[in-house]
Structure formats: structure tokens, C-alpha cells
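Structure assessment
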Amino acid sequence: METINRAERFRQRSQTVTNLVEILVHIVLLALASVPILITLTLVGILIYEAFSFFQNVAVDLTPDSQTVSRGFWAGIAKFFSDGTWTVGQNEPTDEGFGAGALVLIVSTLIVSAIAMAVAIPLGLLAAIYLSEYAPPWLRLVLKPALESISGVPTVVLGYFGFLTLSDLLKQVFPTIASQSGLCAGLVIGVFLIPTISSLAEDALHAVPMELQESGYALGMTKFEVVWRIVVQTAFPGIVAAIALAASRAFGETMIALLAGGRGGTVINFNPLEANTTITTFIVGSTDGDLNPGSFLRSAAFTMGMVLFIMTLILNSFGNWLIRRNREYLSSALVSKLEVVSSEAEAEAASSLEDLHIAQALPSPSERLSFAPAYGFRNIVGMVFHGVALLSTLVGIIFLGVIIYQNVVAGWSYLDWQFLTSTQSTDPKEAGIIVPLAGTFWITILTAILVIPIGIGGAIYFEEYMPDGWWKRLIDVQISNLAAVPSIIYGLLGLGLFVRIQQVLANDNQVGRNILSAALTLTLIVLPFQIIATRSALDNIPNSQRYAAYATGMTRWQVVWRVLLPAALPAITTGSLLALTTAIAETAALIAVGAVASIRFTPTGLDSQFITLPVQIYYWSAAGKPFEPLNSAAIITLIGILVIINFSAVFIRNFFRLKPR
Amino acid sequence: MTNALNNHPVPLKLENVTVSYGGHVAIKDVTMDIYENQITAFIGPSGCGKSSLIRCFNRMNDLVKGVKVEGEILLYGDNIMTLNPIEVRRRVGMVFQRPNPFPKSIYENVAMGLRINGFRGSKLDLDEAVRSALEQVGLWDEVKNRLKQNALNLSGGQQQRLCIARVIALQPEIMLMDEPCASLDPVSSLVIDELLTELKKNYTVVMITHNLQQAARVADRVAFICVEAHGQERYGRLLEYAPVTQIFISPDHQLTQKYVNTRIG
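Each chain carries its own residue numbering, running from 1 in the direction its sequence is written. Going through the entries in the order they are written, you letter the chains from A and number the ligands from 1. In view of the model being predicted, local features appear only for residues whose pLDDT reaches at least 70, and side-chain atom pairs are presented and counted only at 80 or more, with totals across whole chains, interfaces and linings using the full set of residues. To get the side-chain values, all heavy atoms of the structure are used, and hydrogens and water are removed first.

Here we look at the overall build of chain A
Put simply, DSSP marks the helices as runs of H or I at least four residues long and the strands as runs of E at least two long, and each gets a number from the N terminus on. Broken down by element type, chain A carries 25 helices and two strands. The cut-offs for exposure are 20% and 50% of the maximum accessible area for each residue type, with area from a 1.4 Å probe on protein chains only; residues under the lower value are buried, those over the upper are exposed, and the others partly exposed. Taken over 661 residues, chain A has a buried fraction of 52%. Here the analysis covers contacts within chain A between residues at least 6 apart in sequence; of these, 76% occur between residues at least 24 apart. Only the protein chains shown count as cover for residues, with accessible areas throughout obtained via the Shrake-Rupley method and a probe of 1.4 Å. A total of about 30500 Å² of accessible surface is found on chain A, and carbon and sulfur atoms cover 65% of it. Between two residues, a contact is recorded if the distance between any of their heavy atoms is within 4.5 Å.

What follows is the structure in C-alpha cells.
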């Protein structure tokens, strides 16, 4: 009797405690999950605020006594969309010949993006077809990661290659081409986007049901005919989605556009052989100037940021919507239609049974159809296509190989202990990368400390706690949108939020461009990837695990903590490492936040000035011939770090996969 | 009766056909003749290798890794392994278990096979060929006003008849049907049966079915495949191949009788 009482008391007490823990955990997770929404709201708020101030001040009249009179918001908007010149940053709205026509930047952005897409669409699509339909498994195992590693190369490295090497090659074809040109930037961005298109398109091709291909073969189609007429056409919406998502990345690409494409031109310019100022290059370029709060240049940079934000948002929403719709469409195609049996339908079926009149006799053998032979031309077409697809797959890989080879040849002999441990110097022989290395190290660790708990907590909330509904779908869409926002826009947000808060707190506009702001900004960039990776890790755990856990009487948090997180840990670790490589490679956002070109001291605290390895590569890119081998050595170091992290991620995943659960 | 059948031309002749997947035999030593303008039904328990066997007839097994086909399959006297697989598949059409129309218009579903295979004729001829194929499956009146609509909007039974029309349009010498009614409701399935008996006037049909009533209703000859076990190995064997009446009324083998009776009763 007594034992029963004790047992009851015990259970009751522990239940109160677990309930309390449960509520507490729920609140904490909810708070973490609301971070992405707060980011979105803050971003939109700051962009609108700055854009409003820009439009109010951009159109002015000078009264006879030289007093400036603003013509107001609507006049500003009209000027923004109708001016044919753009001189923001070179002169002021009160100056003669001042132009603020967004079209100048938008046209350049579209031209560079169009060139990029002209490269990326055919090569990416053919690579996807080759990898998914033609490549033997062993070759696919080699080619696919090789191709996809292009998107892991820091864009500052690709841009430097365009600036240094590709522009010289282009000069031999187009003698009049500028040393930095829209064409060069477009080509490099195009190669950079090949894996974006190929991996998304490959998903779409994979989703085409095998049954459709079989029925194609059963009709006597060649492989090429099945691939081209059935697989590609069925996957078409998914392919369009891949193109839309890639185009939005082309709009937002900053470092390649800056290094290979340059800046210049104040009028609408359709000539890709000249330097083009795209939206992103204007934003990152303007961070050299007076970006203090309230300055006109600052509000112009934020306004162009808003234009870019809207352009990418539209393309992304369209692409994601298309992918979702296509997935539903294809899965519905595989499920037989549920037939609603009405008396009408039954009558129809019965009547069709009765008057099933079978056609007139078939044509006699002499009138029989004649068919083109299945060999000859049809086979040649197929073989040519096969070859072209293989070559397209190799283009990106060869490009990447050339970049690595070139930098290793140029920089290997400089890559020694002295180089790794010396500070910056104007003498190339003495210069080293200890300061940017330390900066990268500090900022990455700090970012990891911030992003991992927020990302995992948020993902747990979305995946395990949040009730289904339109709200959840909205957040789903918003997170994938955040992942696609160009990093330069996060750079602006970091400047407008983290730097600004520190300035207000210290009441000093010279502070705030420090390690803390850099890490917080990178947290914004990495967070969506961290959330997506964690969610997919949780999503991959079979529901039977959850049922089993709940059936033993666990609370929700106990299920998460004791069953789901341990099971998802390898995948989460892998995802976190890969997400952090994004932070390590980031350049543009850190330039915007205020990386400093020449500091000689390693960081000492959160308020230290900073530079990171990719930012150093950017500054050295313009430092002239003597620094070229140094830059190559820095590039090898950066790529080496990224490769090591990637391999550890893959190793962790494979190690745990082999272990029996 | 048997003699009369033997005078039929033999579009498909099997000599000791054995199919194996990566060393595991699926069905062994099948020797049989399939006669023109008849419906030949394969029956037998699941996993006995029926599908593996008929997928050899149009060389669909070429597409599966690790499949080995031994023995000879003669299509009007030619060994199909010496013919071009594309040509074989045009001459030997196939209808699958689940309706699998292409996610294109109804018209395009039928016309595509013709175009691909180099249909020689004008747009009008093509229209005519599509109409004729749809008429032969009794679908024309139901869809003639919506030929441009997506084929996925059709009901399951209509989709399956469309898939048959797609095959008919190519005027195949043989039509293979792998459980064509397995995923259909009874009414749609009856429509297909009706259609099959009409189709055999012009075509040679080889079908797999688990529905013995269907076999009894439409087939001229029935092949019963059983599973034999030899130690660890289990594979299918052609146990009995005879006119439909013999299989269902007085089969030679007890196993056949058992299979036919337990299932039908």
C-alpha cells in the first residue's frame, strides 16, 4: 500500500517538473524560431526607411538665393525611374548634371545576368541531363561533386581569375574590350552558376517517374528521344524553376561583378565590352565613401539594395512556387484519379460498354504505315547529343581545374611558415596573412557560437513544435527566400543595424565596424542554411522513431532531446560545417560592414577592427603585379581551409552512416 | 482444336528462354509458340517470373542492369537479339500495369510515337491515324472534343485505353500487356476485356493477368507458370500451355488444376 502511494507521489512531482521544463523549452524555442522573422521585418523596415529618405532628397530645386528645396517623395520616385544617368556618389543632388536613374544600374545588371544565363542555362542543363541519364554510376560519383564544388569556391577567387586571366583571353577575341568588362563578369558568373542549375535541374529530371520512360522505350524511342521528349519535357517546370533561382543569384552576385566587371559608366550602357556598374557593384563600391547615418550616399546604397531585394524576391518566389507546384503535379500524376461514382458516370460507363464499336478493319498490309529505320540518323543524333552533354559537364570542371592549377603554380613557393605568420606589409617579400587568418578564425568561431544554437533551436521549433497551417507555410517560403537574399544586402543590414546600434550606444559614429558586427552579419547570412540543414536532418528521421518514443511516455522535449537530436546529430554536424564554409568564403558583406584594408594587429576583442582572408584577397587583387603570387598563396590557403572543412563534413557523415544504429 | 491452332502462323517463338537477374534465375527454360491473332494469357503466382519473361519479348529487360537472357526468341523467324531494340519495341508494343500516359495532351500521347518513328504523311494523315487509334479503343467519342486537354485529366480506365491506343497507332505485330486491368475498377476493366476480344482480330496479344476470370473470358490459350524450388533457388517454370478450355476444364497437371480452382472458386 505504501509503495503505491510513494509511486503516485513520485510521478506527480516529476510531472510538474517536466511540465515546467516543457513550457520553458517551448518558450525558448519559439524565441529562437522568431529570429528569422525578426530579421525579415528589420531588413524590410530599414530598406523602406532609407529608401524613403532617398526619394525625398533626390529631386531638388535650387531657389534664386541658393536655398535647396526638396521637390518631395513622388518627384524623387519619378526621377529614379526616368533619369538616364546615374552620378550618385560622384556629385550631389544640388550639382549640375546630377543623375539618379536606377535604369543605368538595372540595365547593367540585366546585361551581365543575361550573359551569365546564356552560359549557365545550356551548360547546366546539359550537365544535369548527362549526370542523371547518361553517366555511368562510377563516373557520376566523380563528376557530380567535382562540378558542384564550383559553387563552393569563394566568388572573390573566381572574380580574381576573371580579372587577371580571362580578361586577357577575351582581349585576343575582342581587341576593344576593357580590362574589366560586363562580358568577362557575365562569363565567370555563368560558370559559377552551372552547378546551381545542374543540381536543381537534376532533381527535376530525377522526379520524372520511371514508368513514363519505360512507356517511351516501349514505343520504340531511342534513348535520346526518351530523354529529350519525355524526361526533359516532363521536368520542364522544374527546369524553369532552376533557371529562375539561378537568375536571382546572378542579379545578386557581387564579388565577380566587382572584380571582373569593374565599375564605370554613368549612362545607360548596353555594351558588354565596357565596364558596367551593376546594382551590387554600386552598393559595395559606395561603402568606400561616406556611409555615415543620414548621408545621401548611404540612403542611395540602401535604395538600390531594396531594388535588388525585390528583384531577387520575385524570381525566388516564382522558382520556389514552381518547384512546389511541380512536385504536387508529378505525385498526382502517379496516383490514379479517384473516380466519383455518380449514376451519370455509371450510365456513361455502361453505355460505352455497349457501343464500344471497334473500328473498321485495319488497312491491309500494302497500305501499312512505313517507319523510319531506328538506326542511321536517329542514332547519330543521339550519339552527338551524348557527346555534347558530356563536354558540357566537363566545361565547368576544367574551368575550376585551371583556376586551381594557376594559383598553385603562381603561389606555391610563397606558401611557407613566414607567409602564414607575418603581418601585412607594403613589401611583398615580407607580407603575410596572419591578421586576416586570425580575423577569419575569430569571426567564424563567433558566428558558429551564435548561429548553431539559434539555427538548431529554430529548426526544432519549426519541425517538431509548430502546428501546420498557412503560417507555417509562409515561414517555410520566407526561410528559403532569406537563404537566397544576396549577401551584399545582409551587409547593408549589418551596417544599418549592428554597426548603427553600437554607434548609438557609444554616441560615436566612428565605432561599430568591428568583429562583433562582422560575426552578427555572417550569422544573418548563415542562419537560413543552418535552419534548412537541421530541418532536413530532423525530417529524415522516420516517424516510427517518434511514435516509439512517445509510446514510452516521453514528453515532446524528451523525444527531441533523447531520440531525435542524437539520431540527427551527424547530419546536423555536417550541415553546420557546410553552412560555416559560406561564412568563411563571404567577402562582399564584410566589405560593406567595414573590413579594413591594412591592419597590422591580430584581433584582441569583439570591438577590434577586422579583415578576413577573402577580403584580403580582394584588396590584394588590386595591389599590382608584385602581390600576384602572394594573392595566389592566400587563395590556396583559403581553398585549403574550405576543402578541409568539406572533407571533415563528408567524413563525419560517412563515419556515422557506417555505424549501425 | 490443337491441330487447327498449330496451323496458325507463329509470330513469336521461344526456345529454352531463361531470364536471370545478377545470377539469380527468375524463370527457366521456357519453350513455346505464340500464335497470330490470338490472346495468350500468362497466369501464375506472384514472383514466378511472368513479367520478366514478357519483358524479354520487346527487349525492355535491356534497360535493367544485370539482366541476362538465354535461349532464343524469334520474332517472325528473326532472333530478336540480332534486331535493333528500337525496332523490336516498335513492332512489339507494350501496355503497363498502371496507366502511364505522358503528361501531354491526349492527341500528343498518340501522335508522339508515330512522329518519333518517322511517320510518313501529312498533318491530316496524322490526325487520321490518331483518330483511328482512338476509335479502335472506343475512346474517340469520349475525347474527340478535348483532344488538346492533358491526358492526366482522364479517368484511370480512359488513361489505360489511351495507352493502348498509343500502342495501336504504331500498328504493332504483337501487343504485350502486363496486368492491364490491375489498377482499374471492375467496370473499366470489363471495357478493356471487351476491347481485347475485338483487338485480337487484328493483333496478337500476350497478356499477364492475376484475374482468372479475365483469362477465362478473353484468352485463347493460357500458359501457367509455377514456382519451382531447388534448395535456395526458386524460379518460375512453364508448367502447362494449352487452349483455355483445357486449362480450366481438364488440365494435364494437378498443380494447374489446384491453382485454377482454388482461385476461381
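Following the structure, the description resumes.
Considerations on the overall build of chain B
Per the secondary structure count, chain B includes eleven helices and ten strands. What you see for chain B is a C-alpha radius of gyration of 19 Å, in line with the 18 Å of a compact globule of 265 residues. Dimensions of chain B along its principal axes, counting C-alpha atoms only, are 55 × 40 × 35 Å. By residue count, 59% of the 265 residues in chain B fall in the buried class. Relative to all contacts within chain B whose residues are 6 or more apart in sequence, the contacts with residues 24 or more apart total 68%. Total accessible area on chain B stands at roughly 10400 Å², and carbon and sulfur atoms take up 48% of it. Here the positive residues are Lys and Arg and the negative ones are Asp and Glu; neither His nor the chain ends is included. For the purpose of locating charges, the reference atoms are NZ of Lys, CZ of Arg, CG of Asp and CD of Glu. Side chains of chain B give 29 positive and 28 negative charges; the mean places of these two sets differ by 5 Å. We compute the radius of gyration from the C-alpha atoms alone; for a globule the expected value is 2.2 Å times N to the 0.38, where N is the number of residues.

Looking at helix α2 (residues 50-57) of chain B
The α-helix winds at 3.6 residues per turn, so residues separated by three or four positions along the chain end up facing the same way. Residue and element names in this part refer to chain B. Burial of α2 is extensive: seven of the eight residues sit out of reach of the surface. Buried within α2 are the following residues: Lys-50, Ser-52, Leu-53, Ile-54, Arg-55, Cys-56 and Phe-57. Phi turns positive one or two residues past the end of α2, at Arg-59, with a value near 55°.

Concerning a nonpolar patch on the surface
The patches described consist of residues with a relative accessible area above 30% and no salt bridge, like charges being joined within 9 Å and nonpolar side chains (Val, Leu, Ile, Met, Phe, Trp, Tyr) within 5 Å. Salt bridge criterion: a side-chain nitrogen from Lys or Arg within 4 Å of a carboxyl oxygen from Asp or Glu. A surface patch of nonpolar side chains, amounting to about 490 Å² of accessible area, comprises Phe-441, Trp-442, Ile-445, Ile-449 and Leu-606 of chain A. When you line up the elements, Trp-442 of chain A lands in helix α17 (residues 434-465).

Looking at the packing of helix α18 (residues 470-484) of chain A against helix α20 (residues 515-539) of chain A
Residue and element names in this part refer to chain A. Contact pair α18 / α20: the axes reach a minimum separation of 8 Å and the direction vectors enclose 125°. Judged on the interaxial angle alone, α20 and α18 are oblique. The chirality of how α18 crosses α20 is left-handed. Here Lys-472, Asp-476, Ile-479, Leu-482 and Ala-483 of α18 lie close against α20, whose contacting residues are Pro-528, Phe-529, Ile-531, Ile-532 and Arg-535. Axis definition: a line fit to C-alpha positions, over the contact stretch in the case of helices; interaxial angles, taken between N-to-C directions, run 0 to 180 degrees. Each angle gets one of four labels, with under 35 degrees taken as roughly parallel, over 145 as roughly antiparallel, 65 to 115 as roughly perpendicular, and the rest as oblique. Left-handed describes a crossing in which the near helix is turned anticlockwise from the far one by less than a right angle; the clockwise case is right-handed.

Regarding the nonpolar core
Only buried residues count toward a nonpolar core, which is a set of Ala, Val, Leu, Ile, Met, Phe, Trp, Tyr and Cys residues joined through side-chain atoms within 4.5 Å. By size, the foremost hydrophobic cluster in this structure holds 278 residues, and its most contacted members are Met-304 of chain A together with Phe-57, Leu-134 and Ile-164 of chain B. Excluding anything up to four places from it in sequence, Met-304 of chain A contacts Phe-80, Trp-86, Ala-102, Leu-105, Ile-279, Phe-282 and Ile-283 of chain A.

Things to note about the pattern of salt bridges
Under the defined criterion, the tally for this structure stands at 29 salt bridges over all chains. A salt bridge links Arg-140 of chain A to Glu-202 of chain A; the nearest nitrogen and oxygen atoms lie 2.4 Å apart. Of the two residues, Arg-140 of chain A sits in helix α5 (residues 137-148) while Glu-202 of chain A sits in helix α7 (residues 182-206), which places them 62 residues apart along the sequence. With its nearest N and O atoms 3.4 Å apart, the salt bridge here joins Lys-144 of chain B to Asp-141 of chain B. We classify Lys-144 of chain B as partly exposed; its relative accessible area is 39%. Judged by its relative accessible area of 47%, Asp-141 of chain B is partly exposed.

Quick look at the confidence of the model for chain A
Per-residue pLDDT for chain A has a mean of 86; in total, 89% of the residues score no lower than 70. Predicted confidence is poor over residues 356-366 of chain A, with pLDDT under 50, and the contacts of this stretch with residues over four places away or in other chains come to 21 contacts. As a per-residue quantity, pLDDT reports the predictor's confidence and falls between 0 and 100.

Examining the packing of aromatic side chains
Residues and elements named next belong to chain A. Aromatic rings from Phe, Tyr and Trp, taking only the six-membered ring of Trp, are treated as a pair when their centres fall within 6.5 Å; an angle between ring planes under 30 degrees marks them as stacked, one over 60 as edge-to-face, and anything in between as tilted. Counted by the stated rule, this structure contains 26 aromatic pairs over all chains. Considering the side-chain rings of Tyr-461 and Phe-462, the 6.5 Å spacing of their centres and the 70° angle between planes classify their relative orientation as edge-to-face. Each residue in the set Phe-52, Phe-54, Phe-55, Phe-73, Trp-74, Phe-80, Phe-81, Phe-98 and Phe-296 is aromatic and connected to the rest through ring pairs, giving one cluster. Over a ring means this: the NZ of a Lys or the CZ of an Arg is within 6 Å of the ring centre and within 35 degrees of the ring normal. Looking at Lys-223, its charged tip hangs above the ring of Tyr-134, at a distance of 5.2 Å from the centre. Of note, Arg-556 hangs over the ring of Tyr-465, and the distance from its end group to the ring centre comes to 4.9 Å.

Quick notes on the side chain of Lys-472 of chain A
Residues and elements named next belong to chain A. Here Lys-472 is to be found in helix α18. Engagement of the side chain of Lys-472 in a polar contact is seen with the side chain of Asp-468, the distance being 3.5 Å. The residues touching Lys-472, leaving out its near neighbours within four places in the chain, are Phe-462, Glu-463, Met-466, Pro-467 and Arg-535. Here a polar contact means two N or O atoms within 3.5 Å. Within protein one must be a hydrogen donor candidate and the other an acceptor candidate, and residues neighboring in sequence count only if both atoms are side-chain atoms.

Brief notes about the packing of helix α4 (residues 106-116) of chain B against helix α5 (residues 123-136) of chain B
Residue and element names in this part refer to chain B. Between α4 and α5, the shortest axis-to-axis distance is 10 Å and the interhelical angle comes to 120°. Judged by the twist between their axes, the crossing of α4 over α5 is right-handed. Residues Tyr-107, Val-110, Ala-111, Leu-114 and Arg-115 of α4 form the contact with α5, whose own contacting residues are Lys-123, Leu-126, Asp-127, Ala-129, Val-130, Ala-133 and Leu-134. As a working rule, the residues Ala, Val, Leu, Ile, Met, Phe, Trp, Tyr, Cys and Pro are called nonpolar, Asp, Glu, Lys and Arg charged, and the rest polar, with Gly in that last group. Here the contact of α4 with α5 is built from residues that sort into nine nonpolar, no polar and three charged.

Notes on the sheet that holds strand β9 (residues 221-230) of chain B
All names here are of chain B. Should DSSP find at least two bridges between two strands, the strands are taken to pair. A sheet is described by the order of its strands in space; here ten strands give the open sequence β5-β4-β1-β2-β10-β9-β3-β8-β7-β6, paired in mixed fashion. Each edge of the open sheet is held by one strand with a lone partner, namely β5 (78-79) and β6 (92-95). Looking at chain direction, strand β7 (residues 174-178) and strand β8 (residues 204-208) are connected through five bridges and run parallel. What sits directly across from Ile-174, in β8, is Thr-204.

Details of the pairing of β9 of chain B
Residues and elements named next belong to chain B. With four bridges joining them, strand β3 (residues 39-43) and β9 adopt parallel strand pairing. Of the residues in β9, the one forming a bridge with Phe-42 is Ala-223. As paired elements, β9 and strand β10 (residues 233-243) share ten bridges and run antiparallel to each other. Bridge assignment links Val-222 to a residue of β10, and that residue is Ala-242.

Looking at α5 of chain A
Residues and elements named next belong to chain A. Multiply 1.5 Å by the residue count of a helix minus one, and that product is the helix's expected span. For α5, built from twelve residues, the straight-helix expectation of 16 Å at 1.5 Å per residue is met to within 8% by its first-to-last C-alpha distance of 16 Å. When we look at burial in α5, the residues that qualify are Leu-139, Leu-143, Lys-144 and Leu-147. Along the long axis of α5, the arc covered by the buried residues comes to 115°, so they all point the same way. When the buried face of α5 is taken as reference, the exposed residues oriented beyond 90 degrees from it are Pro-137, Trp-138, Leu-141 and Val-142. Among the structural elements, α4 (102-134), α7 and α15 (377-411) are those in contact with the buried residues of α5. This arc is built from the directions going out from the helix axis to the C-beta atoms.

Observations regarding the environment of Arg-59 of chain B
Residue and element names in this part refer to chain B. Here Arg-59 is to be found in the loop between α2 and β4 (67-75). Of the polar contacts made by the side chain of Arg-59, one reaches the backbone oxygen of Met-81; its length is 3.5 Å. Engagement of the side chain of Arg-59 in a polar contact is seen with the backbone oxygen of Leu-83, the distance being 2.9 Å.

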